[in-house]
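Residues per chain are reported as follows:
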Amino acid sequence: MKKRTLAIFLAILCLLPVLTSCAVRPYSAVLYNKMNTDVLITLYSDGQSQKAATLISSCEALLDETEKTLSRTAVEAELARVNASGEESLAVSDTLAAMLRLALALAAETGGAFDPTAGALSALYDITGNAPLPPDPDELAEAKTFVGYGALSIDGNTLTRPVGTVLDFGAIAKGYVAALLVDYLTAEGVSGGVISIGGNVAVFGEKPNGDAFRVGVRHPDGGYLGEISLHEESFVSTSGAYERFRVGTDGKLYHHIFDPQTGKPAESDILSVTVVDEDGARADALSTALYVLGYDAAISFWESSARDFDLILLGKDNELFVSPDLAFSIA
Ligand code: AMP
Ligand code: MG
């Protein structure tokens, strides 16, 4: 080999790692209308967009399957059938049984601020539909009698609950399914990625260049409150009244997060709460529960939970609390 050819050959050899790392491009797909929200999946795969597309199709199938089990509103869904059933005790699928166990544990952990029986209220207020608001006081009093996770039990695959109970996993299902997708993609050898399902974002693995994953937190008034930097697999869940609401005939604003104690949309002094946890379902359930609890009680809850999750609270007077271990930069 001539000296010049050898030099070129060596130069290419040195460049090879740079060129291959350039090939690691994110592959993203937006799946609209899954679980009543937009889903965005970004995978870092080594330029194999074909494989990434196949994986995303499987993710879509998993999302559809979960929705068919856990949706309160899709008539064909298992949960909708369970809610409509006149049997006090009935057999449910493994997925529904697992979800119920998880939901009951989180309801107990939050003292019922998160309560999967809040469905009676979701159905009555019908925030995304057009039932009259405010609801009829007698109907509200009746719906309230069906709220209370203590009346529920799950033994193996047998669910027992008062007939008329309306189970609702809207506060937990997005985080739960995000975790399922992360497990699936990790098992498939995906080196890293970001999954966004409505107000829930999961990051896993690592970025090809080793940079932190950056997750933006929306300001309820529009724009961004700030950005979280994450290096480890994490689930970020945000709740706030600004997400879904409707104005009643009384001119009042009715939103979608209910206080199980009052049966009304929670009168929270929180504008937005973000929870970061290693468990997707817990991050989701806690963000909803802490919204119900309110600013000071949310901080007390975080302290008494041995600070085992991270937290961003934006209060109604724009006061901000950020747990000290969280890398958060304010916009
Ligand atoms: P999120 O957006 O995660 O805060 O969840 C809100 C959704 O959870 C609502 O749209 C209802 O379907 C349901 N939900 C509302 N209030 C509660 C509550 N206190 N406990 C459990 N689920 C609730
Ligand atoms: Mg939630």
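Residues numbered from 1 in each chain as written. Chains lettered and ligands numbered in written order. Predicted model: local features only at pLDDT ≥ 70, side-chain atom pairs only at ≥ 80, totals over all residues. Heavy atoms only, no water.

Digging into the overall build of the protein
In terms of helices and strands, the protein carries nine helices and 18 strands. Across its three principal directions, the C-alpha atoms of the protein cover 95 × 45 × 40 Å. Scored against the burial criterion, the 331 residues of the protein give a buried share of 48%. In the protein, the share of contacts with a sequence separation of at least 24, taken over all contacts with a separation of at least 6, comes to 61%. Of the roughly 16200 Å² of accessible surface on the protein, a fraction of 52% belongs to carbon and sulfur atoms. Of the charged side chains in the protein, 23 are positive and 44 negative; the average position of the first set lies 10 Å away from that of the second. (Helix = DSSP H or I, 4+ residues; strand = E, 2+ residues; numbered from the N terminus. Buried < 20%, exposed > 50% of the residue type's maximum accessible area, 1.4 Å probe, protein only. Contact = heavy atoms within 4.5 Å. Areas by Shrake-Rupley, 256 points an atom, 1.4 Å probe, with all protein chains shown as cover. Lys, Arg positive; Asp, Glu negative; His and termini not counted. Charge placed at Lys NZ, Arg CZ, Asp CG, Glu CD.)

A few points about the sheet that holds strand E5 (residues 158–160)
Backbone hydrogen bonds are what pair the strands of a sheet, in a parallel or an antiparallel way. Taken in spatial order, the three strands line up as E3-E5-E4 in an open sheet, and their pairing is antiparallel. The sheet is open, and its two edges are formed by strand E3 (89–91) and strand E4 (153–155), each paired on a single side. If you compare each strand with its neighbour and ignore which way they point, the axes differ by 20 degrees on average. Direction of pairing for E3 relative to E5: antiparallel, over a ladder of three bridges. Across the sheet, the residue bridging to leucine 90 is leucine 159, located in E5. (Pairing = 2+ DSSP bridges. Axes fitted to C-alpha atoms, helices over the stretch in contact; angles between N-to-C directions.)

Thoughts on the coordination of the magnesium ion (ligand 2)
Within the protein, the magnesium ion (ligand 2) binds to Ala171 (O), Asp284 (O), Asp284 (OD) and Thr288 (OG1); these donor distances fall in the range 2.0 to 2.5 Å. Here the donor residues of the magnesium ion (ligand 2) share one chain and are spaced in sequence as A-x112-D-x3-T. Taken together, the positions of alanine 171 in the loop between E5 and helix H7 (173–187) and threonine 288 in helix H8 (residues 280–293) put the pair 117 residues apart, joining distant regions of the chain. Like threonine 288, alanine 171 is buried. (Donors = N, O, S within 2.8 Å, 3.2 Å for Na, K, Ca; no water.)

A word on the environment of threonine 42
On the secondary structure map, threonine 42 appears in strand E2 (residues 37–45). In sequence terms threonine 42 and proline 26 are 16 residues apart; their C-alpha atoms lie 6.2 Å from each other. With residues near it in sequence (within four places) discarded, threonine 42 still touches Pro26, Tyr27, Ser28, Gly192, Gly193 and Val194. At 3.0 Å, the side chain of threonine 42 and the side chain of serine 28 are in polar contact. (Polar contact = N/O pair within 3.5 Å; in protein donor to acceptor, adjacent residues only side chain to side chain.)

Some thoughts on the pairing of strand E1 (residues 25–34)
Sheet topology places E1 next to E2; eight bridges connect them, and they run antiparallel. Paired with leucine 31 across the strands is valine 39, a residue of E2. Between E1 and E2, which pair antiparallel in sequence order, lie two residues; one of them, methionine 35, sits at a positive phi of approximately 50 degrees.

Quick look at the sheet that holds strand E7 (residues 200–205)
On the basis of which strands lie adjacent, the open sheet formed by eight strands has the order E1-E2-E6-E7-E10-E15-E16-E17 and antiparallel pairing. Looking at the sheet topology across the chains shown, the edges are occupied by E1 and strand E17 (320–322). The mean inter-strand angle of the sheet, taken between neighbouring strand axes irrespective of direction, is 10 degrees. Sheet topology note: the E7/strand E10 (residues 234–239) ladder contains four bridges and is antiparallel. Looking at E10, one finds that valine 203 is bridged to serine 234. Across the sheet, helix H2 (residues 49–70) touches E1, E2 and strand E6 (192–197), and the angle it forms with E1 is around 25 degrees.

A few points about the site of ligand 1
Lining the immediate environment of ligand 1, one finds 16 residues, of which Asp115, Asp168, Ser239, Phe258 and Thr288 sit closest. In this structure, a nitrogen atom belonging to ligand 1 sits 2.8 Å away from a main-chain N or O atom of phenylalanine 258. When ligand 1 is considered free in solution it has 500 Å² of accessible area, and contact with the protein chains removes 92% of it. Classifying every residue of the shell around ligand 1 by side-chain character gives seven nonpolar, five polar and four charged. (Near = heavy atom within 4 Å. Nonpolar A, V, L, I, M, F, W, Y, C, P; charged D, E, K, R; others polar.)

Regarding the side chain of aspartate 277
The residue aspartate 277 is located in strand E15 (residues 270–277) in this model. The class for aspartate 277 is buried, based on a relative accessible area of 7%. Contacts of aspartate 277, omitting those with residues within four sequence positions, involve Ser234, Phe235, Arg282, Ala283, Asp308 and Phe309.

Brief notes about helix H9 (residues 295–304)
Those residues of H9 that fall on the buried side of the exposure criterion are Tyr295, Ala298, Ile299, Phe301 and Trp302. Taken down its axis, H9 places every buried residue within 160 degrees of arc, on the same side. For H9, the exposed residues set more than 90 degrees away from the buried face come down to Asp296 and Ser304. Looking at the buried positions of H9, the neighbouring elements they touch are helix H4 (94–109), E15, H8, strand E16 (310–315) and E17. Where H9 terminates, the next one or two residues include alanine 306, which has phi positive at roughly 60 degrees. (Arc of directions from axis to C-beta.)

Considerations on the environment of phenylalanine 309
Turning to its location among the elements, phenylalanine 309 is positioned in the loop between H9 and E16. Remark: the alpha-carbon pair of phenylalanine 309 and alanine 283, spanning 26 residues in sequence, is separated by 8.2 Å.

Re unusual backbone geometry
Between leucine 133 and the following residue, proline 134, the backbone shows a cis peptide bond with an omega angle of 0 degrees. Secondary-structure assignment places proline 134 in the loop between helix H5 (119–125) and helix H6 (137–144). One non-glycine residue, alanine 306, adopts positive backbone phi at about 60 degrees. Looking at the element boundaries, alanine 306 is found in the loop between H9 and E16. Despite not being glycine, asparagine 318 has its phi angle at roughly 70 degrees, a positive value. By secondary structure assignment, the location of asparagine 318 is in the loop between E16 and E17. For asparagine 318, a relative accessible area of 46% puts it in the partly exposed group.

In short, shape yes, function no, at least from these values alone.
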